[in-house]
Amino acid sequence: TRTSKPKRILAYVEKHAVPGDAESVVNAIDAYCSRVEWAMNVGSDKGKILDRVVSETDPDTVLELGTYCGYSTVRIGRLLRPEARLVTIEMNPDNAKIAKQIIALAGLNSKIEMLVGSSSDLIPQLKKKLDMKTLDLVFLDHWKIFYLPDTRCLEETGLLHKGTVLLADNVVCPGTPEYLKYIRNSSRYRSEYFPSRLEYLQVEDGLEKSVFLG
Ligand SMILES: COCc1ccccc1-c1cc(O)c2[nH]cnc(=O)c2c1
Ligand SMILES: [Mg+2]
């Protein structure tokens, strides 16, 4: 097929964003997806909550699960200090190709590394592959059935430290019942739900913030 939704989003960003201006990239994607065609970016309402959590955490190391077109990758990356690092994992190579171009256009290549593959395969390799000591922030925004197994894997690979923040998108819509049940009942986390709206729509959704207690 000639174009795909991610390709149409990239074309719109190339036309309307200012190269090197991450904010203009975020605004261009929101303009396109609110006016032309819906896409599963975290969006601006939940994005403002994401911004606040990122700023309060002020992380040196961030892991994003689920890149899609790179909207939240850029949204997070624009708030990071120059020496901070964000690793984002995307399993769809076509999406990864588009996201790489959107991240480059935002001028964030120096802070962001994209890995293409399954999170379950790549998480165990993070420690040695990227000399990842531990993660300060994890943004879960990929397939909902992977939230819990990937969280268990992060625990077991020693990538979480006392105070690591897990922030999960879509805990209401489409919903992540197993993940919520685990994280809210575990004595190893302190969780808080931030109600919001599904991106570009009036449907309820929200973010679950969970602090690892060690
Ligand atoms: C493909 O379903 C799209 C959809 C349809 C209806 C409601 C929600 C969603 C949705 C919203 C999101 O923010 C998402 N974030 C990450 N991975 C997703 O699969 C995802 C799905
Ligand atoms: Mg999402």
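What counts and how
- Residues numbered from 1 in each chain as written.
- Chains lettered and ligands numbered in written order.
- Predicted model: local features only at pLDDT ≥ 70, side-chain atom pairs only at ≥ 80, totals over all residues.
- Heavy atoms only, no water.
- Donors = N, O, S within 2.8 Å, 3.2 Å for Na, K, Ca; no water.
- Helix = DSSP H or I, 4+ residues; strand = E, 2+ residues; numbered from the N terminus.
- Buried < 20%, exposed > 50% of the residue type's maximum accessible area, 1.4 Å probe, protein only.
- Near = heavy atom within 4 Å.
- Polar contact = N/O pair within 3.5 Å; in protein donor to acceptor, adjacent residues only side chain to side chain.
- Areas by Shrake-Rupley, 256 points an atom, 1.4 Å probe, with all protein chains shown as cover.
- Axes fitted to C-alpha atoms, helices over the stretch in contact; angles between N-to-C directions.
- Parallel < 35°, antiparallel > 145°, perpendicular 65-115°, else oblique.
- Left-handed = near helix turned anticlockwise from the far one by under 90°.
- Contact = heavy atoms within 4.5 Å.
- Nonpolar A, V, L, I, M, F, W, Y, C, P; charged D, E, K, R; others polar.

**What about the coordination of the magnesium ion (ligand 2)?**
Right, on to step 1. The protein atoms that coordinate the magnesium ion (ligand 2) are Asp-141 (OD), Asp-169 (OD) and Asn-170 (OD1), at distances of 2.0 to 2.2 Å.
Right, on to step 2. All donors to the magnesium ion (ligand 2) come from one chain, and their sequence spacing reads D-x27-D-N. Note that Asp-141 is positioned in the loop between strand S4 (135-140) and helix H7 (147-156) and Asn-170 in the loop between strand S5 (160-168) and helix H8 (171-175), a separation of 29 residues in sequence.
Right, on to step 3. Judged by its relative accessible area of 14%, Asp-141 falls in the buried class.
Right, on to step 4. Given a relative accessible area of 4%, Asn-170 falls into the buried group.

**Things to note about the site of ligand 1**
Right, on to step 1. Lining the immediate environment of ligand 1, one finds Trp-38, Met-40, Asp-141, His-142, Lys-144, Asp-169, Asn-170, Cys-173, Pro-174, Leu-198 and Glu-199.
Right, on to step 2. At a separation of 2.7 Å, an oxygen atom of ligand 1 approaches a polar side-chain atom of Asn-170.
Right, on to step 3. At a separation of 2.5 Å, an oxygen atom of ligand 1 approaches a polar side-chain atom of Glu-199.
Right, on to step 4. For ligand 1, the accessible surface in isolation is 450 Å², of which the surrounding protein chains cover 68%.

**Things to note about the packing of helix H6 (residues 119-129) against H7**
Right, on to step 1. Remark: H6 packs on H7, axes separated minimally by 10 Å, with the N-to-C direction vectors making an angle of 15°. Between H6 and H7, the crossing angle belongs to the class labelled roughly parallel. The element H6 and its partner H7 pack so that their crossing is right-handed. Contacts between H6 and H7 involve Ser-119, Ser-120, Ile-123 and Pro-124 on the former and, on the latter, Asp-150, Cys-153 and Leu-154.
Right, on to step 2. Class assignment for the residues of the contact of H6 with H7 results in four nonpolar, two polar and one charged.

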